[in-house]
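Analysis of the macromolecular model
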Amino acid sequence: MDASSAESLERGYLQVAEVCGLESRVSVVQRWLSNISEPWALILDNADDPRLDISSYFPRGNRGVVLITTRNPDCKVHATVGSYELGAMVTGEAVTLLLRTAGTDDMSNRSIREAAESVVLTLGGLALAITQAGAVIRQGYCKMEEYRTLYSRGRKKLLSQKAIQGGEDYRYTVYTTWEVSRRMIEEMSSEAGQDALALLQMFSFIHYEGISEEIFCRAWRGLYNDRPSDWMISHQLKMLLRQSDQEWNVYPLRAAISILRAFSLIYRDKNGLISIHPLVHSWTRDQMIASDEDMVWRQTTAIIALSIPWTFETTDYRFRQSMMPHIDACLGFREDGVFSLQNIGEDCQTMAGNFALVYSEVGRRQEALQLTERVVEVRKRTLGEDHSDTLGSMHNLAISYSEVGQGQEALQLTERVVEVYKRTLGEEHPDTLGSMHALAIRYSEAGRRQEALQLTERVVEVYKRTLGEEHPDTLGSMHALAIRYSKAGRRQEALQLTERVVEVRKRTLGEEHPDTLGSMHNLAIRYSEAGRRQEALQLTGRVLEVRKRTLGEEHPDTLGSMHSLAIRYSKAGRRQEALQLTERVVEVRKRTLGEEHPDTLGSMHNLAIRYSEAGRRQEALQLTERVLEVRKRTLGEEHPETLGSMHNLAIRYSEAGRRQEALQLTGRVLEVRKRTLGEEHPETLGSMHNLAIRYSEAGRRQEALQLTGRVLEVRKRTLGEEHPETIASTYTLTNLEKSPQNTTNSYRQPFNSENKSCTQHPNGRNTKPYDSFARFWKKLT
């Protein structure tokens, strides 16, 4: 076809199009493009309506190109040469766009770009919103640095203004763009459309990222398995109430999600998690009237609370952890959080208890405590102190007190709960046994080790008989009993029992379950006590790696593993790594727990040891004195942890040349440990070992020899000849025997027990025995 024929054909089609309706016009243009021989390009702009099959408008033939702009991701199905998704703008480009739209002359001024960047981040990099903000600034409503303040006061008004006053290049404002989408969904008049709008409203009261389908599946399970109240049922999404009580049907949820995706109101990542642009998140709330907003917030709170399980599989822990941002966002909309629903009665306390569980597991223990205190206070008043729900909350409150370092309150409250449970339920009821298990832990924290051991043995015996050896409650008590054995100096029994618990938990729960990791953490400590230091180091490193990945670097359990790994590093001679890791743990624990929390003090205690190993003896002395002062005041002089600090302060005094004070303090610690623990307890032997060194420093060589010989004899018999602590005693005794009468050489144990003693080499004199020992020790480790 020549040029004149083509022009004639074009005129003919255009004349026909002029006299036809819109649909016919489209058909005419489609036929014309299908028949011309020249290359052509067809642009379908804003093809957003998911109900429209845009492929019906494509001309036939292969001479042209069709370009589609749309917010409907399903249109990708039409792409034959690829597609490109325009999301949030890159920050630098977004800043430039804002400055240009605002009419800024100096585009490179650093302070202006910084002010613009804060605006861009507030608007989530959305191009239309940025253009709109630039117009507001250009027209003099505010300065660049004032925009965020204006936005916080009147976001709805700002985002409902035309982006470019008087212009016709885009007829929608930021908010009206989404309003058109909402109206189109309403016009669908289907259950899926109504479900989509209800979902979108709920999403606006939780965090705008990381929304999973699992929330709704678990809420459905709670709805049909937990017998919720009429209030809870009335505050559920209709799509959940329409579900069968037999099997979860995900289709209605996915149908609603598909509609929201089609209008680009939400997005899904490759893992299936849903996110919403922050401005859509805000717009959805802004377009609600006050009564609807309150109703949707209550509904969202109820659904989140109902989704939180009180089961403890690995997947349950991970789900609860994922819910933390959503709980924060939801409760943050009301000044009093969930307790703004206090008027609904017991449902409020139930929801608060569920949220407290999540706060506790993610390490936000102070918030868990505050929630649980409120629950206990209300339940005491409304249900009475002996009601089972009140007692359950008091049990949880005692755990929260312990977690934040309020040991005395934790002990007294647990004793009260055990007393009521025994009286009302009997000694072998599961609730009674659970509280007795907790009471044994409180006794141990208070330094009442014998009572803790006896009570734990009683609980384990009943659990084994009534539940079986592999029941989770039995395993939890066996885990605790192994710790009691260790503190009682029965290390072989502790090791064997911990190995048994780890083996069963790995098999029944999996290697990354929090309970399994807790037992592996303690098994590493047992290995270290048995002198199996390489195994202890490797196992601690493994536990830390998993906890960092699953819990985050600042979770209390992760910090506990970092604390232990630092000790393992020190025992392996990696002292610089040990020091750096301990400093990191102390810094985080001070910031998150406070300086006088028991965990913080434990890390400060070990940091003093690390300082001593690094030759920073003055810092080590001052820090040990600080820890001891707090422990004396909060725990008492004869608490095991106080004695541990006194033991180490004596070593610090010796390093500082204050040998008489060191001798007196070591003698005091030994006297208490003999009386409270017995002569052959490992901690007592550690004090006897160090007292022998103090005697040597004071020139009392014969007493030093006798005492070291006594320690060596017991350690050989109880630990074996090749245990590091036995080797340390052998080494000290050898040096004492070889040294001349009345010398004052210092022979200190070149090991450190966990949280107890420090590493210190002999001084420069008489080094050959030490060199020989060092080579032997290197071979062992």
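Conventions we followed
- Residues numbered from 1 in each chain as written.
- Predicted model: local features only at pLDDT ≥ 70, side-chain atom pairs only at ≥ 80, totals over all residues.
- Heavy atoms only, no water.
- Helix = DSSP H or I, 4+ residues; strand = E, 2+ residues; numbered from the N terminus.
- Buried < 20%, exposed > 50% of the residue type's maximum accessible area, 1.4 Å probe, protein only.
- Contact = heavy atoms within 4.5 Å.
- Areas by Shrake-Rupley, 256 points an atom, 1.4 Å probe, with all protein chains shown as cover.
- Expected span 1.5 Å × (residues − 1).
- pLDDT = per-residue confidence, 0-100.
- Phe/Tyr/Trp six-rings, centres within 6.5 Å; stacked < 30°, edge-to-face > 60°.
- Lys NZ or Arg CZ within 6 Å of the ring centre and 35° of its normal.
- Core = buried A, V, L, I, M, F, W, Y, C linked by side-chain atoms within 4.5 Å.
- Axes fitted to C-alpha atoms, helices over the stretch in contact; angles between N-to-C directions.
- Parallel < 35°, antiparallel > 145°, perpendicular 65-115°, else oblique.
- Left-handed = near helix turned anticlockwise from the far one by under 90°.
- Nonpolar A, V, L, I, M, F, W, Y, C, P; charged D, E, K, R; others polar.
- Salt bridge = Lys/Arg side-chain N within 4 Å of Asp/Glu carboxyl O.

Under an unreviewed UniProt entry, the name given to the protein is Kinesin light chain, and the organism recorded is Lepraria neglecta.

Examining the overall build of the protein
A tally of helices and strands in the protein yields 36 helices and four strands. Across the 781 residues in the protein, those meeting the buried criterion constitute 49%. The contacts in the protein between residues at least 6 apart in sequence include a share of 62% that link residues at least 24 apart. Of the roughly 36300 Å² of accessible surface on the protein, 49% is carried by carbon and sulfur atoms.

Regarding helix H35 (residues 724-738)
Helix length check: H35, at 15 residues, gives a terminal C-alpha distance of 21 Å against a target of 21 Å (1.5 Å per residue), a fit within 8%. Counting buried positions over the 15 residues of H35 gives 11, a clear majority of the element.

Details of the confidence of the model for the protein
Per-residue pLDDT for the protein has a mean of 86; in total, 86% of the residues score no lower than 70. A low-confidence stretch, residues 163-171 stays under pLDDT 50, and its non-local contacts, those more than four residues away or across chains, total 13 contacts. Considering only residues more than four positions removed or in separate chains, one finds that residues 742-781, a stretch of pLDDT under 50, has 115 contacts.

Here we look at the packing of aromatic side chains
Tallying each qualifying case throughout the model produces five aromatic pairs. Seen in terms of ring centroids, phenylalanine 205 and phenylalanine 333 are 5.0 Å apart; in terms of plane orientation they differ by 75°. Their pairing is edge-to-face. Of this pair, phenylalanine 205 sits in the loop between helix H8 (191-203) and helix H9 (214-225) while phenylalanine 333 sits in the loop between helix H16 (324-331) and helix H17 (346-361), and the two are 128 residues apart along the sequence. For phenylalanine 333, a relative accessible area of 28% gives the class partly exposed. An aromatic cluster is present here, built from Trp220, Tyr224 and Trp248 joined pairwise through their rings. Just above the ring of tyrosine 317 sits the side chain of arginine 320; from NZ or CZ to the centre is 5.2 Å. The ring of tryptophan 297 has arginine 334 lying over it, and the distance from NZ or CZ to the ring centre is 4.7 Å.

A word on unusual backbone geometry
Backbone geometry places serine 189, a non-glycine residue, at a positive phi of 50°. Checked against the element boundaries, serine 189 lands in the loop between helix H7 (174-186) and H8. Note on serine 189: relative accessible area 65%, which makes it exposed.

Quick word on the nonpolar core
Where a protein is soluble and globular, its nonpolar side chains tend to be buried together. Residues Leu199, Phe203, Phe216, Ile327 and Phe355 are the most contacted members of the largest nonpolar core, which totals 86 residues. In terms of nonpolar packing, the next biggest core, distinct from the first, is built from 15 residues, Leu670, Ala692, Leu705 and Leu736 among them.

Remarks on the packing of helix H27 (residues 556-571) against helix H29 (residues 598-613)
At a minimum axis distance of 11 Å, the contact between H27 and H29 shows a crossing angle of 25°. Put simply, H27 runs roughly parallel to H29. Seen from above, H27 lies across H29 with left-handed handedness. Residue-level inspection shows His563, Ile567 and Ser570 of H27 in contact with H29, the latter providing Gly602, Ser603, Asn606, Arg610 and Glu613. For the contact of H27 with H29, a count of residues per class yields one nonpolar, five polar and two charged.

Quick look at the packing of helix H25 (residues 514-529) against H27
Relative to each other, H25 and H27 sit at 20°, their axes nearing to 11 Å. One finds that H25 runs roughly parallel with respect to H27. Here H25 and H27 pass one another in a crossing that is left-handed. Residues His521, Ile525 and Ser528 of H25 form the contact with H27, whose participating residues are Gly560, Ser561, Ser564, Arg568 and Lys571. Grouping the constituent residues of the contact of H25 with H27 by class yields one nonpolar, five polar and two charged.

Description of the side chain of threonine 474
Mapping threonine 474 onto the fold places it in helix H23 (residues 472-487). In this structure threonine 474 touches Tyr463, Lys464, Leu467, Gly468 and Glu469, once residues within four positions along its chain are discounted.

Some points on helix H31 (residues 640-655)
Here H31 spans 23 Å end to end across 16 residues, near enough to the 22 Å set by a 1.5 Å rise per residue. Most of H31 is tucked away: 15 of the 16 residues are buried.

Considering the pattern of salt bridges
This model, assessed by the stated rule, comprises 76 salt bridges. With a closest N to O distance of 2.8 Å, arginine 465 and glutamate 428 form a salt bridge. In this pair, arginine 465 sits in helix H22 (residues 449-467) while glutamate 428 sits in the loop between helix H20 (407-425) and helix H21 (430-445), placing the two residues 37 residues apart along the sequence. For glutamate 428, a relative accessible area of 34% corresponds to the partly exposed category. A salt bridge links arginine 532 to glutamate 499, with the shortest nitrogen-to-oxygen separation between them at 4.0 Å. You can see arginine 532 sitting in the loop between H25 and helix H26 (533-551) and its partner glutamate 499 sitting in helix H24 (residues 491-509), a full 33 residues away along the chain. By relative accessible area, which is 29% here, arginine 532 ends up partly exposed. In this structure, a network of salt bridges that share partners links the residues Arg318, Glu511, Glu512, Arg542, Glu545 and Arg549.

Here's the deal with the environment of serine 477
Note on placement: serine 477 falls in helix H23. The spatial distance from the C-alpha of serine 477 to the C-alpha of valine 459 is 7.0 Å, given a sequence separation of 18 residues. Non-local contacts of serine 477, meaning those with residues more than four positions away in its chain, are made with His437, Thr456, Val459, Val460 and Tyr463.

Regarding the environment of leucine 33
Examined against the element boundaries, leucine 33 turns out to sit in helix H2 (residues 22-35). Separated by 25 residues in the primary sequence, leucine 33 and phenylalanine 58 have C-alpha atoms spaced 9.2 Å apart. Contacts of leucine 33, omitting those with residues within four sequence positions, involve Trp40, Leu42 and Pro59.

Topic: the environment of arginine 652
Mapped onto the elements, arginine 652 comes out in helix H31. Take arginine 652: its relative accessible area is 1%, and that puts it in the buried class. Remark: the alpha-carbon pair of arginine 652 and glutamate 619, spanning 33 residues in sequence, is separated by 9.9 Å.

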